[in-house]
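# Overview (structure and organization)
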Amino acid sequence: MTQLPSKSSTISPSLDRHSPHLTEDEVICLDQVAFGYSRKRLVLQDFGLSIRRGEFLTLLGPSGCGKSTILNLIAGFHKPLSGRVTHSGQVVKGPSARRGVVFQGNALFDWMTVEQNIAFGFRFKSLPKYEQQQQVKTIIELVGLRGSERKYPYQLSGGMRQRVAVARSMVVQPEILLMDEPFAAVDVQTREGLQEELLKLHEQVAGAILFVTHSVEEAVFLSDRIVILDRDLGGIYHEISIQLPEPRYASMNRVSEAFNHYRTELYLKMKAIS
Ligand SMILES: Nc1ncnc2c1ncn2[C@@H]1O[C@H](COP(=O)(O)OP(=O)(O)OP(=O)(O)O)[C@@H](O)[C@H]1O
Ligand SMILES: [Mg+2]
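Cut-offs and rules
Residues numbered from 1 in each chain as written. Chains lettered and ligands numbered in written order. Predicted model: local features only at pLDDT ≥ 70, side-chain atom pairs only at ≥ 80, totals over all residues. Helix = DSSP H or I, 4+ residues; strand = E, 2+ residues; numbered from the N terminus. Rg over C-alpha atoms; globule rule 2.2 N^0.38 Å. Buried ≥ 20, exposed ≤ 12 C-beta atoms within 10 Å, placed from the backbone. Contact = placed C-beta atoms within 7 Å. Axes fitted to C-alpha atoms, helices over the stretch in contact; angles between N-to-C directions. Parallel < 35°, antiparallel > 145°, perpendicular 65-115°, else oblique. Left-handed = near helix turned anticlockwise from the far one by under 90°. Nonpolar A, V, L, I, M, F, W, Y, C, P; charged D, E, K, R; others polar. Core = buried A, V, L, I, M, F, W, Y, C linked by C-beta atoms within 7 Å. Pairing = 2+ DSSP bridges.

## Considerations on the overall build of the chain
- A tally of helices and strands in the chain yields 8 helices and 10 strands.
- Radius of gyration (C-alpha) of the chain: 18 Å, near the 19 Å computed for a compact globule of 274 residues.
- Once the C-alpha set of the chain is aligned to its principal axes, its extents read approximately 50 × 45 × 40 Å.
- Counting across all 274 residues of the chain, residues that qualify as buried make up 38%.
- Long-range contacts, defined as pairs at least 24 residues apart, comprise 71% of the intrachain contacts of the chain with a sequence gap of at least 6.

Below you can see the structure in the form of C-alpha cells.
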C-alpha cells in the first residue's frame, strides 16, 4: 500500500509538532491585513498572525469577530484590502491544493461515492490515476472508512460524512488544513471520536492545521496554541500554548488537571469579551 508521507519522512525532525524549540518556521503569515466586505465597514484592521509548520492552531472568539473571514483570506477566497497574506513567503493570490479547506457544511457531492468524493481532492493537483487511487485507499484506511468506499453520502452518518470531508482535504497532503467548525453539527460522542481521529491523522500526515471552534474544550484538547480574537476588528485578545501529556489523542487528557486549568483560563478570558 502506498504510504502517505509521515511527518518524519516529509518534514525534518526539527519541525516535529511537539518539539518545543523547533517550530519557528512559518508556513502562513498575515501581515497588517485589512479586510471588509464593504469599504464602509472593516472586519479586520492591521491584523497579524503567523502559523508554524506542523502546528495545530485554533481560533476562538465571539460570533462575527472574523474567524471565518481569516480562513477565507488564507484559503485565497478573499483578497485583503491592504497588507498581505503569504504562504511560505509567497503572496496568496487564489485557492491552491497546498491549502486544504473543511467547512462545517462539508459539501460532499451526493451523486459521488465516498472514494469519488475523496478523489475530488485531486482536482487542483496532477497525479497519475493509479497513484491517486493508492492515496485514496491509504487515507480511507486512516480515517476508518474501509468498507464504505462505494457508499453514497446519504448512506453515511454525520460523523462519517465529516470523515470523508477531512479525507478529501488531506489526501493531497496540504501544507495547511483550514477547518471552520468542522464538527459543530455532530453529537458529542461522535465529535469526541472525530477529534481523537483528527489528532492521530495530524500525527501521521504532515501539515499545519488552523481550526475554528466555539468550544473551549475542543480547542484545549486539539491545539498546540490557541488565539482568542477580540470582538472588534479581529484584534488578538489572548494567546496561549497548550501542553498536555502524550499521546495527545488520549481521551484521559480531557479529565487531566492541566486540561481543567487551561479550560478555566480560557473560559474566563472568553467571558471577559462576551
Ligand atoms: N459574505 C459576507 N458579506 C457581508 N458581510 C459578511 C459576509 N461574511 C461575513 N460578514 C460579516 O463579517 C463579519 C465577520 O464575519 P465572520 O463570518 O468572519 O465571523 P465569525 O467569527 O466566523 O463568526 P461565527 O463565529 O458566527 O461563525 C461579521 O460582521 C459578518 O456579518
Ligand atoms: Mg464563522
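Back to the write-up after that little detour.
## Comments concerning the packing of helix α5 (residues 158-170) against helix α6 (residues 188-204)
- Between α5 and α6, the least distance of the axes is 10 Å, while the angle of their chain directions is 20 degrees. Taken together, the axes of α5 and α6 lie roughly parallel to each other. Relative to α6, the crossing made by α5 is right-handed. On the side of α5, the interface is formed by G158, G159, Q162, V166 and M170, while α6 contributes T190, G193, L194, L198 and L201.
- For the contact of α5 with α6, the residue count by class is 5 nonpolar, 5 polar and no charged.

## Some points on the nonpolar core
- Residues I74, I139, A167, L178 and L210 are the most contacted members of the largest nonpolar core, which totals 67 residues.
- By residue number, the principal contributor to this core is α5, which donates 6 residues.

## Re the sheet that holds strand β4 (residues 82-87)
- Reading across the sheet, the 4 strands line up as β2-β1-β4-β5 and stay open at both edges, with antiparallel pairing between neighbours. Looking at strand neighbours, the two that pair on one side only are β2 (44-52) and β5 (90-91), the edges of this open sheet.
- Sheet analysis places strand β1 (residues 26-35) next to β2, joined by 6 bridges and oriented antiparallel. From the neighbouring strand, F35 faces β2, where its bridge partner is L44.

## Brief notes about the environment of G193
- The topology assignment puts G193 in helix α6.
- We classify G193 as partly exposed; it has 17 C-beta atoms within 10 Å.

## Quick word on the sheet that holds strand β10 (residues 236-241)
- In space, the 6 strands of this open sheet follow the order β6-β7-β8-β3-β9-β10, with mixed pairing throughout. Every other strand in the sheet has two partners, leaving β6 (99-103) and β10 as the edge strands with one partner each. Looking at each pair of strands side by side, their axes are set apart by 15 degrees on average, direction ignored.
- As judged from the 5 bridges shared by β6 and strand β7 (residues 176-180), these two strands associate in the parallel manner. Counterpart to R99 in the pairing with β7 is I176.
- Taken strand by strand, α5 contacts β6 and β7, and its axis lies near 170 degrees from that of β6.

## Overview of the pairing of strand β3 (residues 56-60)
- Extensive coverage of β3 is indicated by the burial of 5 of its 5 residues.
- Here β3 shows two buried faces, one formed by F56, T58 and L60 and the other by L57 and L59.
- Here 4 bridges tie β3 to strand β8 (residues 208-212), and the two strands are oriented parallel to one another. Paired with L57 across the strands is L210, a residue of β8.
- Pairing analysis gives 4 bridges linking β3 to strand β9 (residues 225-229), with the strands arranged parallel. Looking at the pairing, T58 lines up with I226 of β9.

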